[in-house]
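Structural characterization, general
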Amino acid sequence: MNAPIGTNSPSGQDAVRDSPSRPAPVVETGIQDERTLCGIAWELARGGALAELSAAEASLAQTAPDTPASRSLETLRTEIRAGYDPLGDALMHLRSAKLRRSLGATYTPPTLVQPMSEWLAGFGRPSRVVDPGAGSGRFLCAVAPLLRDAELVAVELDPLAALIARANLTVLGLDRRSSMHVCDYRSLQLPPTSHSTAFIGNPPYVRHHDISLEWKGWLRLHATDLELKASTLAGLHIHFLLATALLARINDYGVFVTSSEWLDIGYGRLARELIAGPLGGLSLHILDARTPVFADAMTTAAVTAFEVGETRHPLRMRKIDWVDELQGLSGGTPFARAELRSTSRWSSLLEPRVVVPQEYVPLGELCRVHRGTATGANAVWVTDCDDPRLPAEVLRPTVTKASELFDLESAVLSDDRALRAVIDLPADLDVFDGDDRALVDAFLRAARSAGVADGYTARHRQPWWSVQLRDPAPILATYMARRPPTFVRNLVGARNLNNVHGLYPVEPLSEAALCRLVSVLRDQASVSGGRTYSGGLTKFEPKEMEQIMVPPPYWLESGECLASLAPSEEVAGGHTAGRGGC
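For clarity, every value in this text was computed on a predicted model and none was experimentally measured.

1. Observations regarding the pattern of salt bridges
All told, the structure shown has 24 salt bridges when counted by the stated rule. A salt bridge links Arg46 to Glu43; its shortest N-O distance comes to 3.5 Å. Judged by relative accessible area, Arg46 falls into the partly exposed class, the value being 45%. Two residues, Arg396 and Asp424, come together in a salt bridge whose shortest N-O distance is 3.6 Å. Highlighted residues: Arg396 in strand 14 (residues 395-399) and Asp424 in the loop between strand 16 (420-423) and helix 15 (434-449), separated in sequence by 28 residues. With a relative accessible area of 12%, Asp424 lands in the buried category.

2. Observations concerning the packing of helix 1 (residues 34-45) against helix 8 (residues 159-171)
Look at helix 1 against helix 8: their axes get within 8 Å of each other, and the N-to-C directions meet at 35°. In this structure, the crossing between helix 1 and helix 8 has a hand that is left-handed. Here Glu34, Leu37, Cys38, Ala41, Trp42, Leu44 and Ala45 of helix 1 come into contact with helix 8, specifically with Leu160, Leu163, Ile164, Arg166, Ala167, Thr170 and Val171. Among the residues forming the contact of helix 1 with helix 8, the class breakdown is 11 nonpolar, one polar and two charged.

3. Brief notes about the packing of aromatic side chains
Think of a pair of aromatic rings as described by two things: how far the centres are apart, and how the planes are tilted against each other in angle. Going through the model one piece at a time under the given rule, you end up with 10 aromatic pairs. With a centroid separation of 5.7 Å and 75° between ring planes, the pair formed by Trp215 and Trp218 is classed as edge-to-face. Of this pair, Trp215 and Trp218 both sit in helix 9 (residues 213-225), separated by three residues, roughly a single helical turn. Judged by relative accessible area, Trp215 falls into the partly exposed class, the value being 24%. By relative accessible area, which is 12% here, Trp218 ends up buried. The aromatic ring of Trp215 is capped on one face by Arg186, whose charged end is 3.8 Å from the ring centroid.

4. Focus: the sheet that holds strand 17 (residues 475-478)
Sheet architecture is open: five strands sit in the order 12-21-17-19-15, paired in mixed fashion. Strands with a single pairing partner mark the edges of an open sheet, and in this sheet they are strand 12 (367-371) and strand 15 (412-413). Sheet topology places strand 17 next to strand 19 (residues 487-490); three bridges connect them, and they run antiparallel. Directly across from Ala477, in strand 19, lies its bridge partner Phe487. Lying on the sheet, helix 17 (residues 511-523) is in contact with strand 12, strand 17, strand 19 and strand 21 (500-505); it crosses strand 19 at an angle near 160°.

5. Focus on empty space enclosed by the protein
Rolled over the atoms, a probe as big as a water molecule pinpoints where empty space is left. Across all of its chains, the model carries two cavities of 30 Å³ or more by this definition. Looking at the second largest cavity, its volume works out to about 40 Å³. Considering the residues around the second largest cavity, the lining is formed by Thr478, Tyr479, Met480, Ala481, Arg483, Pro484, Pro485, Thr538 and Phe540. The residue inventory of the lining of the second largest cavity, partitioned by class, reads six nonpolar, two polar and one charged.

6. Points about the side chain of Arg461
Examined against the element boundaries, Arg461 turns out to sit in the loop between helix 16 (456-459) and strand 17. Although Arg461 lies buried, it forms no salt bridge, and the closest oppositely charged side chain, Asp424, sits 8.7 Å away as judged by the N-O distance. Here the side chain of Arg461 touches Thr375 through a polar contact of 2.9 Å, landing on its backbone oxygen.

7. A look at the side chain of Asp252
Mapped onto the elements of the fold, Asp252 is located in the loop between helix 10 (236-247) and strand 5 (253-258). Despite its burial, Asp252 pairs with no opposite charge, the nearest such side chain being Arg128 at 6.1 Å. Separated by 2.8 Å, the side chain of Asp252 and the backbone nitrogen of Arg249 make a polar contact. Sequence-distant contacts of Asp252, that is, excluding residues within four places in its chain, are made with Ser196, Thr197, Phe199, Glu307 and Val308.

8. Details of the sheet that holds strand 20 (residues 495-496)
Strands belonging to one sheet form pairs held by backbone hydrogen bonds; the direction of such a pair is parallel or antiparallel. With mixed pairing, four strands are arranged side by side in an open sheet as 13-16-14-20. Taken across any chain shown, the strands that pair with only one partner, and hence form the sheet edges, are strand 13 (382-383) and strand 20. Bridge count between strand 13 and strand 16: two bridges; the pairing is antiparallel. Across the sheet, the residue bridging to Thr383 is Ala421, located in strand 16.

Rules used in this analysis
- Residues numbered from 1 in each chain as written.
- Predicted model: local features only at pLDDT ≥ 70, side-chain atom pairs only at ≥ 80, totals over all residues.
- Heavy atoms only, no water.
- Salt bridge = Lys/Arg side-chain N within 4 Å of Asp/Glu carboxyl O.
- Buried < 20%, exposed > 50% of the residue type's maximum accessible area, 1.4 Å probe, protein only.
- Helix = DSSP H or I, 4+ residues; strand = E, 2+ residues; numbered from the N terminus.
- Axes fitted to C-alpha atoms, helices over the stretch in contact; angles between N-to-C directions.
- Left-handed = near helix turned anticlockwise from the far one by under 90°.
- Contact = heavy atoms within 4.5 Å.
- Nonpolar A, V, L, I, M, F, W, Y, C, P; charged D, E, K, R; others polar.
- Phe/Tyr/Trp six-rings, centres within 6.5 Å; stacked < 30°, edge-to-face > 60°.
- Lys NZ or Arg CZ within 6 Å of the ring centre and 35° of its normal.
- Pairing = 2+ DSSP bridges.
- 1 Å grid on protein atoms, 1.4 Å probe; cavity = no way out; pocket = protein on both sides within 12 Å on 5 of 7 lines; lining within 4 Å.
- Points joined across faces, edges and corners; volume = space filled by probe spheres on them.
- Lys, Arg positive; Asp, Glu negative; His and termini not counted.
- Polar contact = N/O pair within 3.5 Å; in protein donor to acceptor, adjacent residues only side chain to side chain.

Right, here's the structure in full:
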């Protein structure tokens, strides 16, 4: 049997406490390619109330081959009526992960779909239910038996997924109260209705790199209409949240599952403001990042329920370990909307309160944290420290991997012989003459022939050959791993690439103070304060690392023990370096 129906865009597989389960084999129907799948979907939808296709769907249907035997079609109907989605599973099987990512097509497991659908049906009695990016129609198929009088509105840009949704809705006898809009959700217009509209689904996740400038302009323009600010770095799921806020009316409501990154990142500000404001967030359930939720994507998950215009009650936030804790979307810690609007990292509100001595200060008051340099083509710019192809003075010993810091036996980088080098050419090549200039020219000819000059990073620096390494940072820090960051005193003056941060003191610190700072940073390093991604991968952006609380400069210089500091205070969601060095 196949995975039960219950997805958004375009298909779904089951997920259990430890890992998403494998889907059962697709029934033998001869579905070997998308053309065959299209023909089967059209045959199942033909003759129903959803048989009037869009131009894009009709074009696909016209090129579809003959359908399989009626016995195979009846087997498919039986599976669909039993609550499975063989056509949606087939679509996911036929399409590569790369193509699905470009479409934002991520499996939504039934263990997510069911509790979301049950909450939607229990919260109100809407006249219609809208699924943005409906895919094979799994959310609508799950909601339909619970809201028997509601119109079902599917919105799907992919014509083949739309055809499959038509087939599923028709086979289930839901076609007469369904409508299909094959369009971009952001362009959808809904007619007025006398009762509320409910929204449910999994807005497609597409990174901003794959969103056109026109749609980025749409985002900023319409965010301004709501007196909100939008970043063009926002992903497509945030566009869909804004589109929902524009479509919805007071007392409309809904529930979406998205990645949880918007909780903390700068370009997630619009999502936070929408949920704390116009969308009227009711509850937010954040799945533990180490728990696999989606069978075909390593991503985090947050389930957000909302009622448009809600201002009376606080928003409840809750972290959960397992999908089955979503039942009822209940529980959670209440947070006032004013507090949410003033907080840039929502997940920090749920972190344990830590005791921070009053004299402690943010690391950013002592050091500026900077990313390392991005070469744009490490295979060309990273080489051996004794590479004979180039003058020795342009070969800079550099930390090129975070593991080079993790693997150190101490908190000090005192030997650069194990490091590789980055080729750090000056902007003015006329400083070289004779044999050195010949070596440099030969290297650059080879690099240009390899296409390095045309790469994104090279095209955005002047001149293209000058990597422009930063000055050596006195302290180096890892910032992305499935473990807390580590901090290392850089005694050899090594440079660092962009997989390692550099800490630069704002005011000069003595050698003893630098060593004590490294000691306390290492002693109590934790993942608190960073952004956690699927699988427990934690990342600290420079500004986030600058928020780590550390002892004040006078203690670092004097070595004064923490016991002499003033009484401590609790900081919600704070993160602190501890007492190492005393």
